[in-house]
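Secondary and tertiary structure notes
Here's the letter readout for the chains.
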Amino acid sequence: MHPNTLKIGLFGIGLDAYWQQFDGLKERLEGYLTTVNNKLSAIHPEIINLGLIDTAEKAFDAGSRFRKEDVDLIFLYVTTYALSSTVLPVVQRAKVPVIILNLSPEASIDYEKFNRMTDRTKMTGEWLAYCSACPVPEIANVFNRTGIKFHQITGMLNDDPECWDEVTEWVQAAKVAHTMAYNRLGCMGHYYSGMLDIYTDLTQQYATFGGHIELIEVDELASLRKEVSSEEISVRINEFDHLFDVQEDCTIEELERAARTSVALDKLVNKYNLGSIAYYYKGEGNFDNEDTISSIILGNSMLTARGIPVAGEYEIKNAQAMKIMDTFGAGGSFTEYYAMDFAADVVLMGHDGPGHIAIAEGKTKVRPLKVFHGKVGRGLSVEMSVKNGPVTLLSVVEQAGGKLILLVAEGESVPGPILEIGNTNSRYKFSLGARKFVNDWNSYGPAHHCAVGVGHIASKISKLGQLLNINVVQVC
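Presented here is an overview of the structure given in this document.

Scoring rules and cut-offs
- Residues numbered from 1 in each chain as written.
- Predicted model: local features only at pLDDT ≥ 70, side-chain atom pairs only at ≥ 80, totals over all residues.
- Heavy atoms only, no water.
- Helix = DSSP H or I, 4+ residues; strand = E, 2+ residues; numbered from the N terminus.
- Buried < 20%, exposed > 50% of the residue type's maximum accessible area, 1.4 Å probe, protein only.
- Contact = heavy atoms within 4.5 Å.
- Areas by Shrake-Rupley, 256 points an atom, 1.4 Å probe, with all protein chains shown as cover.
- Lys, Arg positive; Asp, Glu negative; His and termini not counted.
- Charge placed at Lys NZ, Arg CZ, Asp CG, Glu CD.
- Patch = residues over 30% accessible without salt bridge, like charges linked within 9 Å, V, L, I, M, F, W, Y side chains within 5 Å.
- Salt bridge = Lys/Arg side-chain N within 4 Å of Asp/Glu carboxyl O.
- Pairing = 2+ DSSP bridges.
- 1 Å grid on protein atoms, 1.4 Å probe; cavity = no way out; pocket = protein on both sides within 12 Å on 5 of 7 lines; lining within 4 Å.
- Points joined across faces, edges and corners; volume = space filled by probe spheres on them.
- Nonpolar A, V, L, I, M, F, W, Y, C, P; charged D, E, K, R; others polar.
- Axes fitted to C-alpha atoms, helices over the stretch in contact; angles between N-to-C directions.
- Parallel < 35°, antiparallel > 145°, perpendicular 65-115°, else oblique.
- Left-handed = near helix turned anticlockwise from the far one by under 90°.
- Polar contact = N/O pair within 3.5 Å; in protein donor to acceptor, adjacent residues only side chain to side chain.
- Phe/Tyr/Trp six-rings, centres within 6.5 Å; stacked < 30°, edge-to-face > 60°.
- Lys NZ or Arg CZ within 6 Å of the ring centre and 35° of its normal.

1. A word on the overall build of the chain
A count of helical and extended segments in the chain gives 17 helices and 19 strands. When its C-alpha atoms are laid out on the principal axes, the chain stretches across 90 × 50 × 45 Å. Residue burial in the chain is summarised as follows: out of 476 residues, 56% are buried. Put simply, of all contacts in the chain between residues at least 6 apart along the chain, 78% involve residues at least 24 apart. As displayed, the chain offers around 20,100 Å² of accessible surface, 48% of which is attributable to carbon and sulfur atoms. Distance from the positive charge centre (43 side chains) to the negative charge centre (59 side chains) of the chain: 3 Å.

Next comes the structure, spelled out in structure tokens:
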């Protein structure tokens, strides 16, 4: 199995003393566990199911097995009453987040049918089959006292979409945490001088998300450009025509420059196996480097659209936010405040540089710019709006002292006039109103960049924060 595959551990718990006392109880509970296994497998196929753990000895073996299998997350299915001593060794040794599944086999016991039973032993066995809620306080108590962080899902085994939607979100959050743990982030160039808010402690990024950070010279990309063939350039220009709405005032010279850089970027990504990139370079005094960076936007937009998000201005924190959003399937486009429209009660947000063309409203336009604002160079840029509908904003915020938090807001991308300046540009409406949103968002001290994705996924991001042990603040 590939080491980058998320593995989920599953085990049920019971009490071995019951099996001789109550005929068929163990088999019935194992059937319930099979149902859980099948439902989990439908969400994510890599399930390590260790069955029903009913003794302390089996618990130690299970913990060792989960460690050997390198599981990322454990679902503990509480089938009936069980001793906490059969639970603790499993999660203590596995040392990964644990979700307690407190799931009843039915919405309720059939009281009338139950009370008509004449054999009280069989009645007790029947009751124990519904007894999943019983040991959860005991397990929670022991987990708290032994320093084990846990999460709970309470619901029904079947016919409970709310319950299984929550399970799905935990699995999705675990996938994102796992992706971040193995992600290779390329940092090319250097910080934009004077943008103090974007500076970050790289070791803190490792501590929070894991992964690997590769520091790359722009010279390497410039060198790779020289190896690009005219045939590769021609093929890439055809791809541009397919993916973008290339405006008539874009010259073939600029398209060829952009295509050359785009192909070179792909080679760089493949060389270092990059999953995301943050970049910035002034490019003054070195023609090759300036030619490279001033023609990078289309290639970066293509990378971003295919799951390798690229953040400009060397905004490493936002490259992480974009990767999180993209791994959730929401996109994750580089953005910042542009202006406020008090008449429409919306915030205009966007950015120059790469855009996430996969979440654009319509086809992304390519326009030539004679100057990149605040940066050296000229070249082609992209103009797009994020799809109209629900959106989520995410910022990885570095606080005083270096600790990271995730700052989240849900809003709507709404239609209306934008600034046609060759940059990404959208209109966002928030339930708080534009004025209060801006004040509340800013109060947490984020950098001026954030990632925007489609859909409302704050609840998923909250679960990711719990898995990573990082605070999540939702503004709206």
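2. Description of a positive patch on the surface
Taken together, the side chains of Arg67, Lys68, Arg93 and Lys95 define a basic patch exposed on the protein surface. Tracing the sequence through the fold places Arg67 in helix H3 (residues 56-69). Since its relative accessible area comes to 46%, Arg67 is described here as partly exposed.

3. Focus: the sheet that holds strand S6 (residues 184-189)
Taken in spatial order, the four strands of this open sheet run S7-S6-S9-S10, and their pairing is parallel. Where the open sheet ends on each side, the last strands, each with one partner, are strand S7 (212-216) and strand S10 (310-311). Sheet topology places S6 next to S7; five bridges connect them, and they run parallel. Across the sheet, Gly186 pairs through a bridge with Glu214, a residue of S7.

4. Quick look at the pairing of strand S1 (residues 8-13)
Among the six residues in S1, six count as buried, and that is most of the element. Here S1 shows two buried faces, one formed by Ile8, Leu10 and Gly12 and the other by Gly9, Phe11 and Ile13. As defined by bridge partners, S1 adjoins strand S3 (residues 73-78) across six bridges and the pair is classed as parallel. Bridging across to S3, Gly9 finds its partner in Ile74. Pairing analysis gives five bridges linking S1 to strand S2 (residues 47-53), with the strands arranged parallel. The residue bridging Leu10 from the neighbouring strand is Asn49, located in S2.

5. Considerations on the pattern of salt bridges
Tallied over the entire structure, the rule returns 20 salt bridges. For the salt bridge of Glu220 with Lys271, the shortest nitrogen-to-oxygen distance reads 2.4 Å. Of this pair, Glu220 sits in helix H10 (residues 218-225) while Lys271 sits in helix H12 (residues 252-272), placing them 51 residues apart in sequence. A salt bridge links Lys267 to Glu232, with the shortest nitrogen-to-oxygen separation between them at 3.2 Å. Of this pair, Lys267 sits in helix H12 while Glu232 is found in helix H11 (residues 230-243), placing the two residues 35 residues apart along the sequence. What makes Lys267 partly exposed here is its relative accessible area of 29%. Judged by relative accessible area, Glu232 falls into the partly exposed class, the value being 29%. Shared partners join several salt bridges into a network, and the residues in it are Arg225, Glu254, Arg257 and Asp291.

6. Side note on the layout of surface pockets
Taken as a whole, the largest pocket spans an internal volume of roughly 580 Å³. Broken down by secondary-structure element, the contributors of at least two residues to the lining of the largest pocket are H3, helix H4 (88-94), helix H8 (161-182), helix H9 (202-209) and helix H17 (458-468). The greatest single-element share of the lining of the largest pocket, amounting to five residues, is contributed by H8. Class assignment of the residues belonging to the lining of the largest pocket gives a composition of 18 nonpolar, six polar and five charged. If you go around the second largest pocket, you meet 17 residues; those closest to its centre are Glu361, Met384, Ser385, Ile418 and Asn425.

7. Details of the packing of helix H2 (residues 25-43) against H8
For the pair H2 and H8, interaxial distance at closest approach is 10 Å and the crossing angle is 50°. When the axis of H2 is compared with that of H8, the two are oblique. For H2 against H8, the interelement crossing comes out right-handed. Residues Val36, Lys39, Leu40 and Ile43 of H2 lie in contact with H8, whose contacting residues are Trp164, Val167, Thr168, Val171 and Lys175.

8. Considerations on the sheet that holds strand S13 (residues 364-369)
Here we have three strands laid out as an open sheet, ordered S8-S13-S14, and mixed in their pairing. Both edges of this open sheet fall to strand S8 (244-246) and strand S14 (379-383), since each of them pairs with a single strand only. Pairwise comparison of adjacent strand axes, ignoring direction, gives a mean angle of 35° for this sheet. Across five bridges, S13 lies against S14 in antiparallel orientation. Bridging across to S14, Leu369 finds its partner in Gly379.

9. What about the pairing of strand S16 (residues 404-414)?
Most of S16 sits inside the fold, with 10 of its 11 residues counted as buried. Examined bridge by bridge, strand S15 (residues 389-398) and S16 share 10 bridges and lie antiparallel to one another. Paired with Leu394 across the bridge in S16 is Val408. Pairing of S16 with strand S19 (residues 472-474), which is carried by three bridges, proceeds in the parallel orientation. Its bridge partner being in S19, Leu406 is matched across the sheet by Val472. The sheet contact formed by S16 and strand S17 (residues 424-429) spans three bridges and is antiparallel. When the bridges of S17 are listed, Glu412 appears paired with Lys429.

10. So, the side chain of Asp54
Tracing the backbone through its elements, the reader meets Asp54 in the loop between S2 and H3. A distance of 2.7 Å separates a polar atom in the side chain of Asp54 from a polar atom in the side chain of Trp19. Leaving out residues up to four positions away in the same chain, Asp54 has contacts with Gly14, Leu15, Asp16, Trp19, Lys26 and Thr86.

11. Some details on the packing of aromatic side chains
Going through the model one piece at a time under the given rule, you end up with 10 aromatic pairs. With centroids separated by 6.0 Å and ring planes inclined at 70°, the aromatic side chains of Phe240 and Phe244 adopt a geometry described as edge-to-face. For the pair Phe240 and Phe244, a shared accessibility class is recorded, and that class is buried. Taken together, the ring pairs connect Tyr18, Trp19 and Phe22 into an aromatic cluster. Between the NZ or CZ atom of Lys39 and the centre of the ring of Trp164, over which it lies, the distance is 5.2 Å. Sitting over the ring of Trp170, Lys463 keeps its end group 5.7 Å from the ring centre.

Take it as geometry only, folks, not as evidence of what the structure does.
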